[in-house]
Structure formats: structure tokens, C-alpha cells
Amino acid sequence: MTKIASIKDIEAKIGEIVDGCLKSDVMEEVFKDFMIPKKKDRNAQLRSCKDQIMHIFKLETLDEKNKCVNLIIQVIHKEKSNKKVKFLFEVLEYMMLEDIFPYKTVLDRLQCADLSYQKKFLWCETYGVIKRHISRLDYKGCRDILKSMIVKTADIPKSDWPIYEKQIEVFCDVLNYILDPDSQLMPGYLAISEIRRHMPDDLHVPWVVQGNLMRFIDRFRATVKVAMTTERWNLLPVVHHASSLLTSAWKLEPETLRFPLNRQLPYPKEMHQRQSKLFRHILKQGYSQDFVLQVLGVNKQSVNKSFPLEQELSEVLIETLLRDDCSNQFWQHLSALIIYFLFYQMANFPSVVDHLCQKLSGIESQRFQANRDKLCWALLQFISGSMQKSSLNDFLPAIKLIHILYPESEPLPVHELTKPLDVVHFSAISILFHLNRRFMSSHSTDGAGNMLSEIANTSIPRALETQNRYLYKLIQTEQPNRFTITPDFGLQHIALLCNACSTTPEIFHSTIPRLMENVCGDDCSPTIPLPGTNCEAYNKLNPLSVELLDSLTAHTKLSMLHHFVARIQNRKSKVHLSPAFVESYSRLLVYSEIESLGIEGLVNQVLPFLFEHKAWGRIYTLLEIICYRLHHIRPNYRLQLLSTLHSLASSSHANLNQLQQAIEGAALRLIMGFDNCDIKPQLECLINDKKQIVFKDSEELNRVLMLTMARSIHRTGAETISGSWCTEVLKAIMTATPHKWPVSTLHCFPATIQEYFRQHQVDLPDKTQLKSLVDSEFPRWKNILTNDQMASNEDQESSFAYFISPNSPPYFLCFIWKVLFDGSTPSQTAYKVLENMKASLMSEHVRVFSDFLIYEFASTSDGGSHLNHCADVLRDMVWKYNVVSLDRFILCLALRSSEHKDVQVAFFIIHYLLIKPDDFRTRVCHFVREVDDLDHWSHEDWYSQHISFHQKFPENYFFEGLLDHCSANPEDRQGTGKYLPSYFSNICLRFLPVLDIVIHRCVELLPTSNTSLEILIDHLGLLYKFHAQPITYLYNTLHYYEKKLRDQKKLKKKLVTAIFNAITEHKPPNWAFSRTFVDNVMKCPSHEMTWEPNAAYMCELIGRLVDTIDDDKVTPFATRDWRFNEFPNEAAHALHVTCVEILSLPLPSEKVGRAIMNVVLKRQPRVQVSELISWMNAIGLVLTSLPQVYWRPLHDIIVEVLKSPELSSTIPEGAGYPFPLFSFESKKATESDNYISRVVALTHIVWQHMRIGQLSLVPTFLKEELKSQVHSELQLLFVFHLIGPSYVRFHHERSRCLTEVTSFLYDILLEMNNHVEKIHFCNEISDFLYHIKYMHVGVMLNEKVKTIVDQLQMTLQSRLQFIHPSAAR
């Protein structure tokens, strides 16, 4: 109470002071209407008032001053006399001028809660004081005043706006003064931030105020246009495995699915809306689950249930339901999406189904009749697998949905089950069966009979009653012959029962074995031979078809996988798994919805289990599946597999040679199969986790890893950002296996790797010295290694121990060579050494032998006879004696040599082994002729073709050829090696990755290797018929070696034509390249080819990609089952074949690049202006997927535009901002469609699609080619519009580029300032620079900024005075 009384006393005292200061003479008061008042000294009154107030308050500290101000303002708001109120305002002003009260304190307190628009005089005086003194505040203080004003004006109700017109007018006067750039109170960028933050769209302020604010906000349209990618909401990515390294370009806010924007700027409404078009496009793409997580910035382990994913997923389902052209594979993809997002609780099943019901209730049933069974089938995938884990109430909305989907008043006829996919027609009744089962299990039942009798009581639509009776009849099959396969009861009936009864154990446990018995054998079953000796498998040849597996629910497939895995891990039987079993298991692994037990289970559980129990045969089988049956292995699984192979390679195998070659072959394929954008993040994970990166005993695999890294760095433009990860991997490789590269290979490496090898030279053994050592050692062992001289048992044992010791020189294969070269026959001791030599040690012997052989061939001086004899001996070692396998030896030869001459000799040997003798060519021709295609997913009996080839061309892993020739006694010719079961592999398929490397190494040797490479392609190009990734291989080859192949038009055509023709035999005509290209390039003889692509061809080529990416159009490419293709979806396939076709054109690269850009930069009859952004999007994807030389012409075009008369002209006085010149808008094409706006839009989109490595080259381009060209204001604005959108990318992905680009912008700003007399768009220029400062660079360039701002024209200098902290008042 005393405190309150004291405050009141002080307020009363202030009132008395005011009364005393304003006291008038009594006579004057009485006769004021008749007397002329005396002139009073107002300053004296104010001074007197000040002195008295200071007598009451000490006013020594800021806190005391604040309290005093608050009390005075309280008195003002309680005072009834306007005269006293005015005097108190004057007192406040006086004390501010006298530096007694801080300006900020007084002006902030004036807009207190007591200030009301209803008190006209008080309101007007308050804002009068603010206007007169706000200039004394720094820009942050002005910002606070503005914030308070916005909040205050919102208090005026709409009905009172006309009544309080004067108050609003005064308020607007102050508001306009603050926002007026000539007032120089604060940066406009801060002002709009406060306005947008505190005045949301639904906040109503008086019309006059709103008009003033909108005019101010409209000024920042220019900043938005500069900072925003042209029509970003219409851009779409291509989703494929390379997208795992996702840039920030496609990030969305997980709670809203909107772009993460600076909400304070007035972006178009399309930018603020939910990006449904982009998100649904991503959802529709195959293998897009990880991409979705990347876009949302979340992971599976920590998801947020607030995602608006349910609605978007429902909308995609509805769109697909209403379309007539969606394939079964697309529905398979949608069902996988449903399972994925619902399983990880990113969406809620009842919400998804409720949304479907809400949407479909207003649609005529005829529109969705064609696909309603497929929608139910997609939902059945989740329902059947989660029925036991969720509440029954979660599935009740499905009943309502089924009633909406099947509204017929009469029962529908039952579809005949003639093929597996007919099972889909029973999806709705299967859902109801599951729900009934769950309902009955929730209430105590006394057996399956009661449960089945209750089906009719479930809410079954009239339309499904016949299906219900049919299903009931199937279930009631007599027990003795229950579910036995007969002509009238096939696997499709079993599939139906599995789908409908997977939650009914008494039925499900009877049906799954019926499926398994088709591919499994038992001890009583007959056996069939596998390649090799004494290798038998169960006689089951026909695998479960993909169509049958597609017709099964995920729950059923998961149960089958459990059976498959259990049988794989069961090692009791001596008979190997049947071919049908292995093929069926490999087909189950492609289903992403059962990934946890599929490929993930294979990697994390099955392989480690088998390795622990040394089940080498099973491991070998799984390695073959990985190599020859799995098309899409996610990068993290690929890395885990390599880690497992590291462990396998370092273990001691019961079987040496065959398993070791399988491990090396699998590792080779896994490394080469890394996507260009995947290898960097995966290797960084290994480095961060301090796991083994490289192979300790395999120089070849480490070299291939380095080649793959080089390709990745080149493709992604990561040359500028390769960083420490690259150096760490190179260091690990060189520590494990020191080696050198030939100059021809080094020249093709990225600069980072070249620099590393310049700094880390490796000295390798001299081949001359190697020859001398072998020659000096050979006489010591000659007798023991030949049949000419009989050796004692003691000598045999000592020699045997010597050669298999890892400490002995690895010359054994060289000795075998010399024995054969001399015409002798190796002894059985030689065979036993090879038989018992450790696999990793054998690899070292092969490397040394390749070095020895190169010297032997290179040093031939007596002409062709000696060379021919060398070649014949080598041929015998490979094919006759089976001492070394062809693929292993050629891989070593192709990668081993480092000197240019040695490389040429090595490729002479390779050429000889592959081409001159007919051993390998005969195998290739036979395999190509006998096997129509390698579409293994459609084969019903691959085994017959597989065993036929091996019987004609047996493969000997245990040196049987040598044993046959060194053993006189037939009984001694039985080897002790135990063959592992091979189901898919042969020398032709194993050699494909080696052939890839050989061709690449030949390309590096161009032009000297031109002829031999053409011969190689002519003879072995047909082998690419069986390549798992032929288009990807062509793309990587043409991309990485673009400089080498630039002038090799004939060779490039031969390579592309050979591979394309090899894989086209059973493909539809429109599956890859355009008909125009095939007719004019591939089918035209090289010497007659005069065709030059025109604009119509380029439009056709890009148009195919445009139509494929657009979800509303029909793709011109033939539909394929993308689960068994090298690409995950149509768009990824279309992008790659388009790029390969472009890279194959017989034109200079720069010319082709410009022609592609002219499709949208020039007006084309086929390209509608309304679709121009879609075409630019496709071109952006293509250009950024091509080498730099193709998109480099865009920089030339930018320079040309910069020098154009339009940008060099003088700006008329009073001209508005040139929006149409720089900003293309589809909706305003008549105004904004011009060449310059198209160049800006295309640049935005190309840079949007670039990887950050490519985008990091932009600052260099700006500094080297544009810096000296900017002299006019329009040129400056053009550059601003080009680079503005990239700031977000640099901010999140490459902060170093932020400072480089910003420094460049200030440099050209100064340059422009020095060349023009007057700057017309000071506000727009300064607004963008403030945007850069506050959103991106902060204080990083303060010193340079201050230096440049101080040199600018005064108008612009005044606008930028707050951009440096020292400029603040």
C-alpha cells in the first residue's frame, strides 16, 4: 500500500509542478477575453519543470530515468487538460534535447498500452513527438518503433475506420516518414521484415495504412525476383539412386511441404503454398522412399507424425485410380509406398482411408471401376501384415471404402483364376475376410468353423457376395487332398488363399508349403548336375514366376522369405539348393516392401551367419545372386557387402580358388556399380567410422576403386570440393597396395588425384631386374618342376613348402612359363603347389607373372617366331593347363603397367588372348547365339541353358588341365578340389566388368590404340547383350572420356552402335534412342555420314524427356519392369538415354550444347510458351548431366547478353523497374517473354539442377568473364538476377562461395557506380544487398563492404549506410 501511495504521491507532485509552471495571473484568467496576454518564456517554464523533476528524481542511472519517463507518461494518459498534456509532451522533448532522457526510452514508452486511438489529441501528439525525434534513434530503434506502430494500428476495429480518420492520417504520416528511403532511418529490408512478421495476411488494418504498407511491400517484388529461381514450383527432379546425395534445391518443410523461405519477402503465392506437384511427382517415382526422407530432412528412426503425407499419398492413390494407363508395376510401387510410410508411422492408415472415402464419395463409380480392385490390393498389402499389431478400429474405415468402391446392387461375376494376377480381383473380399478374422479373434470363438460361418454377417457389399461364396468354397476343400495342385486348382488359387488367410494360421500354414514345394527338394528327390565335378542339386528347375510373386501380399512374401532363409541356413543336406529355389529367392529380393528380410536381411543376417559357419557353398550362391540377379542395391547395402567381402577375403577358405575369384568378382561389380553421386558420401562414412576402406591384398580392386572415384569426381563436378575424403582414401590405397599409373591414365584423372600422385611418387621393381632374378632362380627349381628329372621326396617337400610360403618370392608362375616355354611338362609337384597355394598369394604371383610376361614380350628381338611361341605358351597356360583364369589375368594386365611402352605391350597381349585364338571368341559367340536374352525374371528354365554351356565349355578352377598333362596314371588325374554350386556364372558373364575396364584403358591410349580397340569392339561388342548396365556404362564412358573421344567420331559411333545393337534384339523400337538418330547415325556408314542435327531433331529429343517427366503426359518410351532394369524409373531411363544420344552426336560438343539451349532460347513451333518452364527443366537436367563443355556455352550466352544494346542503353528518367526484361512468367508471357528473360530463366534452372561441385565453378566464371564487362545499371541488375537464387545453395552447401560471389557483386557495383551519372534503382539494389547480408553472409565482408560503400554515389551510399555496423547512429 505504501508503494502505491508513493507512486500516487509522485504523480500528484508532477501534476503540481506542471500546474506551477503553467500558472497564470488571476486578472489574466478573469479578463482573458478582454486583455492581451503577456508573452511568456516557454523555455523558462520547461527549464523550471525540468529542474523540479530532477529535484524529485536523482536520474543518475538508466533505470531511474526509465522510471521517471514511465511516470510522466502515466500522468499524461491520466490528465484531462489538453494544455497540460501538451506541456508534458514538451517537457519530454526538452529533456531529450538536454540529453537527460534517452530518445529510445521515451519514444518506446510513448506507444504504451494506455495509448488509444479514441483519444484524438493524445494520439496525435504522441505520433507528432515520434516523428520529430525518431531520426535520433539508430536503425534498430526505428525498427522497434515500427513494430509497435503495426501492432497498435491493428487495434482499430474496421467499423471505426471512418470515424477516426484524423488519427489514421497522423499515423500514416509517421509511417510514411519511417518507410521513406529518403528519411534514412532504417534499411527497408528490416522494415519489411517487421511488417510481414507482425502483420499476417489475416490481420486487418485501416485501408489507408494497408495501402501504404502494400506500396512499400510492393517495392520488394524486385528483391523477390532477384532472389527466387524462376517458377521454382514448376521444376521437377529425376529421382534415381544418384539422388541420395540430395542438394538443398528440393528441400521442403516436413510439417507443411512448403519451400523453406524467408517469409518476410512478398514471394508469389505459388512459393508459399504446399508443393503438392513436386511431392507427388517424387512419390510416383520408383525407389523414391529415401528421396522423400531427404526432401523432408528426416530419417526413419525419428519421424514426426505431423507430416501432411497422408493427404498427398491419398491424392496419388486417387489420381492413379482414375487413370486408365497405369501398369501393374506402378501399383506395386504404390503398395510399397503405403507399407513404407505406414510402417515407419509417417502416415496414419485410418486418415489415409478416410481421405480416400471423402474424395471418392463425390466421384461417379464408373470412373474408378477399372482400377478399384488394384486400389484394394494395394491396401490389402498393409492390412494383411499389420492386422495383428493394430487396433481393429484402425481398419474399420476400409469397410466404408469398399462399399463406396463397389456400389452395385447385384453381385458381380467371379473372375476366372486363369493367371496369377487374376488374384487381384479378390482383394476387396480378402480385406473383409481379414477384418472378420480379427473381429472373431477379438471375441472368444470356439474354432475356425464358427469364424468361417460369420463371414456372411460381416458388412459385405452386395456386389461381392458371389466372390465371398467362391472364397468360402475354396477354403472348405476336403482335408485329405487339401490345397493339392491339380489342373483345376493351381498356384493362383494358392496365392488367393495366402492373401485372404495369412492371418488364419490353420489355413496359411497349409498353403505356404504348397508354394515352397514347387522349388524345394528333399532327400528323396532326384538330383541334377551343376557345373564342376561331384556337384549336385535338387531337381527343381522352374522358379516361381514374377507374376505369381506380384500377386502375393507382402505378408505372404515375407513368410516365404522366412522359409527360404531357414533353408539357406540349414546345412545338413549334402545336396545343393535347386536352381528353382535360388532363382525364386533372388526374385523375392527385389521387393522393397519386404526389404527388412530381403536384401537387408541378406546383407546383415544371412551372409554373416553363413560366414560364421563357413558355409562356403551357400556364400558362393549368394555372391552369384548379388552379381547376376540384383539390379538395385542401395549404396549403404553395397558398402556393407563390401565390408563383408573384406572379411571373407582375409579369411582362410576351405575352398581356395573358386570362392576367392567369386569374392573378387563380386567386389569388382559392387565397386564399379557405385553411382557417381553415391561413392563420396559412402566413403566418407567409412572414414568417419574408421572402418576398412580398401582391400589389403588386392591391388586390382584398389585400382578399380580409384578409377571409380575419379569417375565420380569428374561426373559430379566435385573437383572443387573433393576435400580430405579423397586424400584419405588415396592414402589408404597407396599404403595397402603401392602402385603407379601410366601417363595416359593420369591425364584423364581429375586434378586432385593427379596432384596426389605428383606429390607421392612410388618406386616399383624394375622389370629387367625381375627377369634376371627369375632366370637366376629357375635352374634351382627346374628339376623339381618338370617330368624330365625325378626328384627325391625330400626335395619335393622342401620345394612345396617354399613355394606356398608368403615369404618366398612370387616367381612360381614365371617358372611354369619357362618350363612350358622350354617344351617341358610340369610335374605333379607343380600341380600340388598350385592346388595348395593361398588364393591371395596366387594373386600376387599373377601380378609378378604379368610384369615378367610384359618384359618377355617387349624384349623379343628375333622377330615373329619367338613372339608367336611366347603367345602360344601363354594361351596354353590359360586354356590348356588352366594355370591362370582369363578374367583374372587380363584384369591384372589391364591395370598393372605404369610405363607407356609396357602398357602397349600389355594391350598387345590382351588383344592376342581375346581375339587371335578362338578359345574365348568361340565361347562368346556360342553363348550369345544360344541365349536369346538375359531377362532372367522372365525365364522359366535358366538352368538348361546354363548347364548346356558349361558342359560344352567346362570351367576348371582346380588346374585340371595341368593335372591331366602331368599325370601319366589316370587314377592320379582326379583332383581333390570341391566345386561350389554355380547357378548363373560363366566366363562370358564374369568377363564383362573386365571388358569394361579394358575398353576404358584402350580409350586412354588413343589415338595409338584406335585400330585394336575397333577390332576388340567388333569381336566382343556382342557380349554387351548380357551387360547389367549397358546404358550406364556408355554414359560413364562417353562422359568421363569426352576429351579423348571428342575427335574420334568413327570410334565413338562404333562403340555406341555395337553396344546398342547387342542389347536391342528383344527390345521394342522406342525403348532408347530416337528413330532419327538410329537412321542417320547408327545405320549410316561412317564414310557416308553427312547428317547434321537441326532444331526439329533437338526438339524431338528433349520433348521425349519433357513428356516422360510430366506426370500428366504419356511417356514415349516403352514401359518396362523397372525392378529388373538398370534404372529405377522411366524418367531416369529417359534422362540417361537422352544424354548418351547427345554424347554420341558427330558434332562439336559446344555446338551441340548451344543447340540444346536454343530449343528454349529461340521460339520453336513445338515448344508452347505456357510449357516453356517444363522444357527448361528438362534441358537443365540434361545439361547438368553432361560434361562441362556442353553447358559452357550458357556462360558465353550470358556474356553476349551482358554486352547487348538492351543492357547497355540509358535508363529513362522516372522509368519503373524492368521486371519484364529479367523475369519470365508463364502467366504473363505476352509481357515477360523475351530473349533476356529466357536466358535468365534457363540459367536459374540449369544452376538449380547442378551439383554443388558444378555450381562452385560459377564464382570463377563471374570473376573471370563478367567482372570487367559490367558498366551500366541494367547490366548490374542482370547479374543480380542471374546469381541471386544460388545464394541459398551456397549458404547450405558451399559457404566459401558466398564470400566470393558477394565480393564480386560489390566489385561490379563499384564499377557500375564509376560509369554512370545517376543510379535509378538505388532502393532495389540496396534491398538485395541487405538481403544478402541479413540472410547469408552476415559480417564476413564488413571491411570490404565499408570500403566500397564509401566510394559510391551519395544516393546509394545513403541507402547502404546501415550495411556496416560502424555506420549505425
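K.L.:
Could you give an account of the overall build of the protein, naming the residues involved and the relevant values?
P.N.:
Secondary structure summary: the protein contains 71 helices and 2 strands in total. Among the 1369 residues that make up the protein, the fraction classed as buried is 61%. Counting only contacts in the protein whose residues sit at least 6 apart along the sequence, the fraction spanning at least 24 positions is 78%. When the accessible surface of the protein is split by element, carbon and sulfur atoms take 50% of a total near 54,900 Å². A gap of 4 Å separates the mean positions of the 147 positive and 154 negative side-chain charges of the protein.

K.L.:
Tell me about the packing of helix 58 (residues 1172-1184) against helix 63 (residues 1235-1249), and please be specific about residues and values.
P.N.:
To describe two helices that pack against each other, one gives the angle between their axes and the distance between the axes. At a minimum axis distance of 8 Å, the contact between helix 58 and helix 63 shows a crossing angle of 45°. Viewed along their axes, helix 58 and helix 63 adopt a mutual orientation that is oblique. With respect to the hand of their crossing, helix 58 and helix 63 are arranged in right-handed fashion. Contacts between helix 58 and helix 63 involve Leu1172, Ile1173, Met1176, Asn1177, Ile1179, Gly1180, Leu1181, Leu1183 and Thr1184 from the first element and Arg1238, Ala1241, Leu1242, Ile1245, Val1246 and His1249 from the second. Residue composition of the contact of helix 58 with helix 63, by class: 10 nonpolar, 4 polar and 1 charged.

K.L.:
For the environment of Glu255, give the residues involved together with the corresponding values.
P.N.:
Position of Glu255 relative to the elements: it lies in the loop between helix 12 (221-227) and helix 13 (269-272). Residue Glu255 is classed as partly exposed on the basis of its relative accessible area of 43%. Between the C-alpha atoms of Glu255 and Pro308, which are 53 residues apart in sequence, the distance is 6.5 Å.

K.L.:
Can you tell me about the packing of aromatic side chains, naming the residues and giving the values?
P.N.:
Under the definition given, this model contains 50 aromatic pairs. When the ring of Tyr189 is compared with that of Tyr1334, the centres are 6.1 Å apart and the planes differ by 10°; the resulting orientation is stacked. Note that Tyr189 is positioned in helix 10 (residues 188-198) and Tyr1334 in helix 69 (residues 1322-1337), a separation of 1145 residues in sequence. Of the residues examined, Tyr189 reaches a relative accessible area of 2% and is grouped as buried. Residue class for Tyr1334 comes out partly exposed when judged on its relative accessible area of 29%. Ring plane angle 50° and centroid distance 6.4 Å describe the contact between Tyr983 and Phe984, whose orientation is recorded as tilted. The exposure classification of Tyr983 matches that of Phe984, with both residues buried. Lying across the ring of Phe259, Arg232 places its NZ or CZ 4.0 Å from the centre.

K.L.:
Which residues make up helix 43 (residues 864-880), and what are the values?
P.N.:
Every α-helical turn comprises 3.6 residues, leaving residues that sit three or four positions apart pointing alike. When the terminal C-alpha atoms of helix 43 are compared, their 22 Å separation across 17 residues agrees well with the 24 Å that a helix rising 1.5 Å per residue should span. Inspection of helix 43 places His866, Cys870, Ala871, Val873, Leu874, Met877, Val878 and Trp879 among the buried residues, and these make up the whole buried set. In the core, the buried residues of helix 43 are packed alongside helix 40 (812-821), helix 42 (839-858), helix 44 (886-896), helix 45 (900-915) and helix 46 (918-930). Looking one or two residues past helix 43, Asn882 carries a phi angle of roughly 55°, positive in sign.

K.L.:
Give me the lowdown on unusual backbone geometry, citing residues and values where you can.
P.N.:
Residue Pro1007 follows Leu1006 across a cis peptide bond; omega there is 5°. Although it is not a glycine, Asp99 sits at a positive phi angle of roughly 60°. Here Asp99 is to be found in the loop between helix 5 (82-97) and helix 6 (103-110). Positive phi, normally seen in glycine, also occurs at Glu231, with a value near 40°. Mapping Glu231 onto the fold places it in the loop between helix 12 and helix 13.

Reading the values: rules and limits
- Residues numbered from 1 in each chain as written.
- Predicted model: local features only at pLDDT ≥ 70, side-chain atom pairs only at ≥ 80, totals over all residues.
- Heavy atoms only, no water.
- Helix = DSSP H or I, 4+ residues; strand = E, 2+ residues; numbered from the N terminus.
- Buried < 20%, exposed > 50% of the residue type's maximum accessible area, 1.4 Å probe, protein only.
- Contact = heavy atoms within 4.5 Å.
- Areas by Shrake-Rupley, 256 points an atom, 1.4 Å probe, with all protein chains shown as cover.
- Lys, Arg positive; Asp, Glu negative; His and termini not counted.
- Charge placed at Lys NZ, Arg CZ, Asp CG, Glu CD.
- Axes fitted to C-alpha atoms, helices over the stretch in contact; angles between N-to-C directions.
- Parallel < 35°, antiparallel > 145°, perpendicular 65-115°, else oblique.
- Left-handed = near helix turned anticlockwise from the far one by under 90°.
- Nonpolar A, V, L, I, M, F, W, Y, C, P; charged D, E, K, R; others polar.
- Phe/Tyr/Trp six-rings, centres within 6.5 Å; stacked < 30°, edge-to-face > 60°.
- Lys NZ or Arg CZ within 6 Å of the ring centre and 35° of its normal.
- Expected span 1.5 Å × (residues − 1).

Keep in mind these values describe shape, not function.
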